[in-house]
Amino acid sequence: MIRILKGDAVSKLDQMHCKRIGQSSYELMETAVQGFIHWFEEQKFTGQEIFIYVGGGNNGGDGLGIARHLQQRNYQVTVVLCFNDEADLSADSKINFDRLPEGVSKISFEDFDFPSKGIFIDAFLGVGLKGKLRDSALPIVDSWNKQQGVKIAVDIPSGLLSEGIAEEKTSVACADYTVTFAFPKLSLLFPENAKVVGELVLVDIGIADSLYQEFESDLFYIQKKDIPERHRRFHRFSHKGDFGRILLIGGSLGKMGAVVLSAKSALRTGAGLVTCQIEESERFIIQASVPEAMVIGEDLKDLDAFDAIGVGPGWGVDNREKKLEFLLKSFSKPMVLDADALNVLSQNPELLSLLPKNSILTPHLGEFERLVGSCVNHLDRMGKASELSKKYQIILVLKGANTLISLPDGRQLFNSTGTHFMATGGAGDVLTGIITAFLGMGYSPENAAICGVFHHGLAGEYAGKIRFQGTIASDIIEQIPRTFEFVENS
Ligand SMILES: NC(=O)C1=CN([C@@H]2O[C@H](COP(=O)(O)OP(=O)(O)OC[C@H]3O[C@@H](n4cnc5c(N)ncnc54)[C@H](OP(=O)(O)O)[C@@H]3O)[C@@H](O)[C@H]2O)[C@@H](O)CC1
Ligand SMILES: Nc1ncnc2c1ncn2[C@@H]1O[C@H](COP(=O)(O)OP(=O)(O)O)[C@@H](O)[C@H]1O
Ligand SMILES: [K+]
């Protein structure tokens, strides 16, 4: 799994990589440029002039390389020179500057007559940015933000620090897409920066995962290649007991759909036997809509017969405190707690110490802040999530774009799958079903959380490609089986 490094570690990572494989830093820049071009061509942006803002550092060098390749592919390209003197160019940028074909127009920023339409590529400043933007850079960022058209940031939007937060007052070049190299810079994953980062695209530039281990960082990025090794293997004679007996507790008058969604998701993930514990009066709803699931009433006996329990979807909070306490005291294996189970915990924080070790809590940002108090920003949130995980030895799944998993040993993992089309009622109930199913199948809690979040996001992406903003939670469930095919077969 790749680590998310601090911005200033990038050049060291590059050097180590180049040394290990006998490549020059210019060749690495060329790999990054070609990765960008590959993505760009896939997008099929058509018929427009391309303007590339280039700075004097290696980010500008990427931009100059991109200009050459695009011109060779018959695009009309203008580079907007955002540095004072050629002599200030970094060594690799100078090579790309000298290689610019005749057909690429060059114009200094001062002489740039603002066009109204085009494709804009921001290769002004990358991770080499230090501190706040200098005054001399502000007009460049302002000009960028006034342009009309598709806007693409190379590596990181100019003005954004690799661990920074773009607040209202800060000057950052806003992008529709950010094409970042090697690993996502931390700030690209913050919800506060969503508006300046746009869609995040990661380009692999061939740096081996093992090289990242040379750097100290507790932050990781989960990708498809990390998943198959975490899957449990079953065999020809596997029976339904091997796939786990799970219990889902939730639902209340008017909110039974939440348990229905969790139960269906668990079954589509492969859970062997799913039992739902709901209010007696509502049993008809489950039996009719998920005939594969069993239903039990209020009286909970023999909890040990279950391999995993998921509690909370649609549960309500009234009179749930004693029940949650009973569950936490009676079940010693890790559990999944979501939605109202988390709200009950927030109202009764003394219950936190009863959580079985490695239990998985899946709050969205609102539920999380109810648990830990309000957070200033995502960095603060990440710190509080880590503290809570360590203190109670639990796994925290902080849901949202790039869901963050905090592990009891301090590691924090960002997910790469998902889409805003998943921002729909019930999507979280689906995740509860998936993670509980994995736990029931005997996955370690860490793997259940990682695989759960990854498959859930991928199922959401598939559903989003068919249903767009009409995606509903049930569409995500339908796509779960396909996610296994994709992860295992590619
Ligand atoms: N593995 C990878 O990820 C790869 C990375 N690669 C690429 O290299 C990029 C990093 O390049 P880098 O280190 O040369 O720095 P970069 O971002 O161009 O910034 C330097 C410029 O910023 C300026 N500047 C600084 N502070 C400033 C301020 N406050 N306000 C205003 N200006 C300020 C500084 O000015 P100076 O201080 O020199 O006057 C200088 O001009 C990286 O993002 C990626 O695109 C790929 O090519 C290969 C693989
Ligand atoms: N913009 C987004 N990008 C990616 N995933 C998202 C986005 N918005 C929501 N999701 C995912 O959808 C799910 C929503 O969960 P939640 O808020 O608990 O919904 P509900 O309570 O309606 O079930 C989470 O897993 C979250 O990660
Ligand atoms: K940039």
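Throughout what follows, the structure given in this document is the object of discussion. All values derive from a computational prediction rather than experimental measurement.

Spatially, the 11 strands line up as an open sheet ordered S1-S9-S18-S17-S16-S15-S14-S13-S10-S11-S12, and their pairing is mixed. Edge positions in the sheet fall to strand S1 (2-3) and strand S12 (294-296), since each has one partner strand and no second. Note that strand S17 (residues 404-406) and strand S18 (residues 412-415) share three bridges and pair antiparallel. By the bridge assignment, Leu404 is partnered in S18 with Phe414.

Coordination angles at a metal have ideal targets, namely 109.5 degrees for four tetrahedral donors and 90 or 180 degrees for six octahedral donors. Bound to the potassium ion (ligand 3) on the protein side are Asn59 (OD1), Asp122 (O), Leu125 (O), Val154 (O) and Ile156 (O), at distances that span 2.6 to 3.0 Å. Coordination of the potassium ion (ligand 3) draws on donor residues from a single chain, spaced N-x62-D-x2-L-x28-V-x1-I in sequence. On the criterion of sequence distance, the pair formed by Asn59 in helix H3 (residues 58-72) and Leu125 in the loop between strand S5 (118-123) and helix H5 (138-146) is long-range, its members being 66 residues apart. Judged by relative accessible area, Asn59 falls into the buried class, the value being 8%.

With parallel pairing, the seven strands of this open sheet are ordered in space as S4-S3-S2-S5-S6-S7-S8. Looking at which strands have only one partner, the edges of the open sheet turn out to be strand S4 (105-108) and strand S8 (199-203). Across the sheet, the mean angle from the axis of one strand to that of its neighbour is 20°, orientation sign disregarded. In terms of strand pairing, S5 meets strand S6 (residues 149-154) through five bridges, oriented parallel. Looking at the pairing, Asp122 lines up with Ala153 of S6. Contacting strand S2 (50-54), strand S3 (77-81), S5, S6 and strand S7 (177-181), H3 crosses the sheet at an angle of about 155° to S2.

With that out of the way, let us pick up the pattern of salt bridges. Summed over all chains, the structure comprises 20 salt bridges. Across the salt bridge formed by Glu446 and Arg230, the nearest N and O atoms sit 3.5 Å from each other. One end of the pair, Glu446, is in helix H15 (residues 445-467); the other, Arg230, is in the loop between strand S9 (219-222) and strand S10 (245-249), with 216 residues separating them in the sequence. Residue Arg411 is joined to Glu446 by a salt bridge in which the shortest nitrogen-to-oxygen separation is 3.0 Å. Placement of Arg411 in the loop between S17 and S18 and of Glu446 in helix H15 is noted, with a sequence separation of 35 residues between them. Connected through salt bridges with shared partners, the residues Arg230, Asp409, Arg411 and Glu446 form a single ionic network.

The rules behind the values
Residues numbered from 1 in each chain as written. Chains lettered and ligands numbered in written order. Predicted model: local features only at pLDDT ≥ 70, side-chain atom pairs only at ≥ 80, totals over all residues. Heavy atoms only, no water. Pairing = 2+ DSSP bridges. Helix = DSSP H or I, 4+ residues; strand = E, 2+ residues; numbered from the N terminus. Donors = N, O, S within 2.8 Å, 3.2 Å for Na, K, Ca; no water. Buried < 20%, exposed > 50% of the residue type's maximum accessible area, 1.4 Å probe, protein only. Axes fitted to C-alpha atoms, helices over the stretch in contact; angles between N-to-C directions. Contact = heavy atoms within 4.5 Å. Salt bridge = Lys/Arg side-chain N within 4 Å of Asp/Glu carboxyl O.

Treat this as a map of the structure, not an account of what it does.
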